[in-house]
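Here's the letter readout for the chains.
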Protein chains: 2
Amino acid sequence: MSTAGEYRHFAEDVALHFEQVGLSRTAGRIFGWLLISDPPHQTMDDVVEGLKVSKSSVSVATRFLIESGLVQRLSLPGERRDYYCVVEGVWQTFMRQQMNQVKAFRKLAEQGLKMLADQPAERRNRLREMRDFYAFFEEEIPALLDRWEMVKSEAEKD
Amino acid sequence: MSTAGEYRHFAEDVALHFEQVGLSRTAGRIFGWLLISDPPHQTMDDVVEGLKVSKSSVSVATRFLIESGLVQRLSLPGERRDYYCVVEGVWQTFMRQQMNQVKAFRKLAEQGLKMLADQPAERRNRLREMRDFYAFFEEEIPALLDRWEMVKSEAEKD
DNA sequence: TTGTTTGTTCAGTATTGACCGAACAAACAG
DNA sequence: CTGTTTGTTCGGTCAATACTGAACAAACAA
């Protein structure tokens, strides 16, 4: 298989996984492409050419990726076109976004508890466990992210 | 608003959040319903009646929830109908499933690194960081789950 | 100004999948 | 065995949305 074909295939795999976490397929494709592209910064036409998707799709998907903080636009001196590339430390950003879901689940549990405020304890137990569980992770995952930062900067010191 | 209406509304909210994490809306509705129902175990008709969804939808959604390990079927002695209820320790199960995505992302990175095996280090750096990041969480989140178990059983000792 | 390059918006299409009702199957009661 | 209750499967409909091409806008060059 051609190299371009392999790259496209990889981008497709990334897209599938992105879809699993609720993001659009094209956004995933582009992100996957930007993970392996050489150079790391690519123009819209590079992406259109590389992935065989329409310019309009790339336009909306990149906007989404930029708003999400996963990709950044950059202009090179003397260049008219915009370039796109994966931002530094994407994965922390990405993980923090997933954290929002953790928080949302905790709030959901609290909403339910409020609704069942006048109900007996056994009935509220299910929601209490839910709330406590997510409150725990809401606190601990940021701590993990910090530890990751530590580990990484430690490794880079060599 | 009637109580039933409030409950339905809560179930709807749960459904929306379930959708965010890639599960079907009806499954989320049913799960939300089972979180607050009294008693905790409900028949199919209870759910059909409570949520105003078709029996067929409930059938496929409960099957899915059972396969996922979030809900269990139980038969009561002398009762002909099946009952459904949220399993003990759902949230650990749920979190472990999300862990599969973490693992999938790590594998994806490794697939990419394999593909770029003959490429210069700078080009592989993006994928290496991705792999290391997810490998880190793949190791640390189970540890967190264990700690949660500890904390919980500690709290229950009173 | 006029023409060219680059990127965005919009309307239409097509695909996906959730949902329902009805037909069907299985288990049980009489 | 016959009828009733309970649950599953299937076909069709509907809604949501991803994607495209084409029209449009904006920035720049000549």
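Quick caveat, the model's predicted, so the values are computed rather than measured. (Residues numbered from 1 in each chain as written. Chains lettered and ligands numbered in written order. Predicted model: local features only at pLDDT ≥ 70, side-chain atom pairs only at ≥ 80, totals over all residues.)

A. Spatial organisation of the overall build of chain A. What chain A contains, in helices and strands, is six helices and two strands. Its helices and strands taken in sequence order, chain A reads α-α-α-α-β-β-α-α from the N to the C terminus. Relative to the 2.2 N^0.38 estimate, which gives 15 Å for 158 residues, the radius of gyration of chain A is 21 Å and therefore markedly larger than a compact globule would have. For chain A, the spread of C-alpha atoms along the three principal axes comes to 65 × 40 × 35 Å. Buried residues in chain A amount to 29% of all 158 residues. Relative to all contacts within chain A whose residues are 6 or more apart in sequence, the contacts with residues 24 or more apart total 45%. (Helix = DSSP H or I, 4+ residues; strand = E, 2+ residues; numbered from the N terminus. Rg over C-alpha atoms; globule rule 2.2 N^0.38 Å. Buried ≥ 20, exposed ≤ 12 C-beta atoms within 10 Å, placed from the backbone. Contact = placed C-beta atoms within 7 Å.)

B. Representation of the interface of chain B and chain A within the structure. Residue-level contacts link 34 residues of chain B with 34 residues of chain A. Of all the secondary-structure elements, those providing two or more residues to the side of chain B that touches chain A are helix 1 (3–20), helix 2 (25–36), helix 5 (90–115) and helix 6 (121–156) of chain B. It is helix 6 of chain B that provides the largest number of residues to the side of chain B that touches chain A, a total of twelve residues. Considered class by class, the residues forming the side of chain B that touches chain A number 21 nonpolar, six polar and seven charged. (Nonpolar A, V, L, I, M, F, W, Y, C, P; charged D, E, K, R; others polar.)

C. The pairing of strand 1 (residues 71–75) of chain B, seen in detail. Residue and element names in this part refer to chain B. As defined by bridge partners, strand 1 adjoins strand 2 (residues 82–86) across five bridges and the pair is classed as antiparallel. Bridging from a neighbouring strand, Leu74 pairs with Tyr83 of strand 2. In this antiparallel pair of consecutive strands, strand 1 and strand 2, the connection spans six residues, and Gly78 shows a positive phi of 75°. (Pairing = 2+ DSSP bridges.)

D. Structural context of unusual backbone geometry. Residue and element names in this part refer to chain A. Going from Asp38 to Pro39, the amide bond is cis rather than trans, its omega being 0°. The topology assignment puts Pro39 in the loop between helix 2 (25–36) and helix 3 (44–51). One non-glycine residue, Lys52, lies in positive phi territory at about 60°. Among the secondary structure elements, Lys52 is positioned in the loop between helix 3 and helix 4 (55–67). Classification of Lys52 by C-beta neighbours within 10 Å gives exposed; the count is 10.

E. Quick peek at helix 2 of chain A. Residue and element names in this part refer to chain A. The end-to-end C-alpha separation of helix 2 is 17 Å, in line with the 16 Å expected for twelve residues at 1.5 Å each. Among the twelve residues of helix 2, eleven are classified as buried, and the element is accordingly described as predominantly covered. Looking only at helix 2, the buried set comprises Thr26, Ala27, Gly28, Arg29, Ile30, Phe31, Gly32, Trp33, Leu34, Leu35 and Ile36. (Expected span 1.5 Å × (residues − 1).)

Spatial relationships are all this shows, so hold off on functional conclusions.
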